[in-house]
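Examining the three-dimensional arrangement
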Amino acid sequence: IDTSQLVEIRWHGRGGQGAVTSAELLAQAAIREGKYAQAFPSFGPERRGAPVLSFVRIDSQKPIRVRAEITEPDVVVVLDPGLLRIMKVTAGLKPKGMVIINTSKQVEQIRQEFGLNWSLATVDATKVAEEILGVPIVNTTMIGAVIKATGIVNLDSLMEPVRHRFGHLADRNINAMKRAYEETVVREAE
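Reading guide: rules and limits
- Residues numbered from 1 in each chain as written.
- Predicted model: local features only at pLDDT ≥ 70, side-chain atom pairs only at ≥ 80, totals over all residues.
- Heavy atoms only, no water.
- Helix = DSSP H or I, 4+ residues; strand = E, 2+ residues; numbered from the N terminus.
- Rg over C-alpha atoms; globule rule 2.2 N^0.38 Å.
- Buried < 20%, exposed > 50% of the residue type's maximum accessible area, 1.4 Å probe, protein only.
- Axes fitted to C-alpha atoms, helices over the stretch in contact; angles between N-to-C directions.
- Parallel < 35°, antiparallel > 145°, perpendicular 65-115°, else oblique.
- Left-handed = near helix turned anticlockwise from the far one by under 90°.
- Contact = heavy atoms within 4.5 Å.
- Nonpolar A, V, L, I, M, F, W, Y, C, P; charged D, E, K, R; others polar.
- Salt bridge = Lys/Arg side-chain N within 4 Å of Asp/Glu carboxyl O.

Along the backbone of the protein chain there are seven helices and seven strands. When the helices and strands of the protein chain are read in sequence order from the N terminus, they spell out β-α-β-β-β-α-β-α-β-α-α-α-α-β. Its C-alpha atoms give the protein chain a radius of gyration of 15 Å, within 12% of the compact-globule value 16 Å for 190 residues. Its C-alpha atoms put the protein chain at 40 × 40 × 35 Å along the principal axes. Buried positions account for 50% of the 190 residues belonging to the protein chain.

Structure representation (structure tokens):
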């Protein structure tokens with residue numbers, strides 16, 4: 001992913017998993033680095049467990065004028081691997097795009113099972129979140145995976161936004177994010 005120009009990221013999750021929070025935190029980190037960024041959810045009948053979309057645009061050069069939903073993302077982030085079976089998460093994904101998935105499966109298994117020909121990154125974010133946070137909420141964990149896979153911002157740029165958002169739970173969220181960063185496996189397109 002070329003981070004020197006506009007990068008559009010679409011997050012696919014379920015209500016309660018933190019897709020909206022993830023997008024907001026990533027945008028805040030980009031702004032801390034002097035980049036231009038915006039984050040927003042897709043508005044609909046969201047409820048806990050229902051599919052949810054959120055979006056992030058980051059541009060290191062110029063202000064972002066477009067406010068529409070992202071239909072042709074550079075990066076797709078999947079917080080719940082079950083969504084791969086019920087919706088086409090890669091709809092509109094650019095040819096040189098990347099898919100980042102929370103899964104316990106290996107990259108090769110995901111490629112075969114879902115026919116994903118883009119660059120692919122995987123991490124068992126649910127396991128990391130359960131072990132460190134005690135709950136299967138993968139928002140901060142998946143931010144670690146996004147940073148490892150794309151280099152869109154520095155991990156350190158998230159410290160203050162995470163501390164501000166999570167207060168006394170910040171350290172655990174930061175540890176989950178760092179561990180996911182370390183454990184994320186990235187494979188280029190075949």
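Two elements in contact, helix H1 (residues 19-32) and helix H5 (residues 139-150), have axes whose closest approach is 9 Å; the angle formed by their N-to-C orientations is 50 degrees. Looking at the two axes, H1 sits oblique to H5. Here H1 runs over H5; the crossing is right-handed. Across the interface between the two elements, Thr-21, Ser-22, Leu-25 and Leu-26 of H1 pack against Asn-139, Thr-140, Ile-143, Val-146 and Ile-147 of H5. Its residues assigned to classes, the contact of H1 with H5 comprises five nonpolar, four polar and no charged.

For the rest of this paragraph, the subject is the pattern of salt bridges. Under the counting rule described, the total for this entry stands at 13 salt bridges. With its nearest N and O atoms 3.2 Å apart, the salt bridge here joins Asp-74 to Lys-94. One end of the pair, Asp-74, is in the loop between strand E3 (51-59) and strand E4 (75-78); the other, Lys-94, is in the loop between helix H2 (83-86) and strand E5 (98-102), and 20 residues separate them in sequence. Notably, a salt bridge pairs Arg-187 with Glu-108, separated by 3.8 Å at the nearest N-O pair. Taken together, the residues span a long stretch of sequence, with Arg-187 in strand E7 (residues 185-187) and Glu-108 in helix H3 (residues 107-114) at a distance of 79 residues. Judged by relative accessible area, which is 39%, Arg-187 ranks as partly exposed. Given a relative accessible area of 43%, Glu-108 falls into the partly exposed group. A single salt-bridge network, built from bridges that share partners, covers Glu-8, Arg-57, Asp-74 and Lys-94.

With that out of the way, let us pick up the packing of H1 against helix H6 (residues 159-166). Running from amino to carboxyl end, H1 crosses H6 at an angle of 135 degrees, the nearest separation of the two axes being 8 Å. The pairing of H1 with H6 is recorded here as oblique in orientation. Here the hand of the crossing between H1 and H6 comes out right-handed. Residue-level contacts link Thr-21, Glu-24, Leu-25, Gln-28, Ala-29 and Arg-32 of H1 to Glu-160, Pro-161, Val-162, Arg-165 and Phe-166 of H6.

So, to be careful, I would describe these as geometric facts and stop short of saying anything about function.
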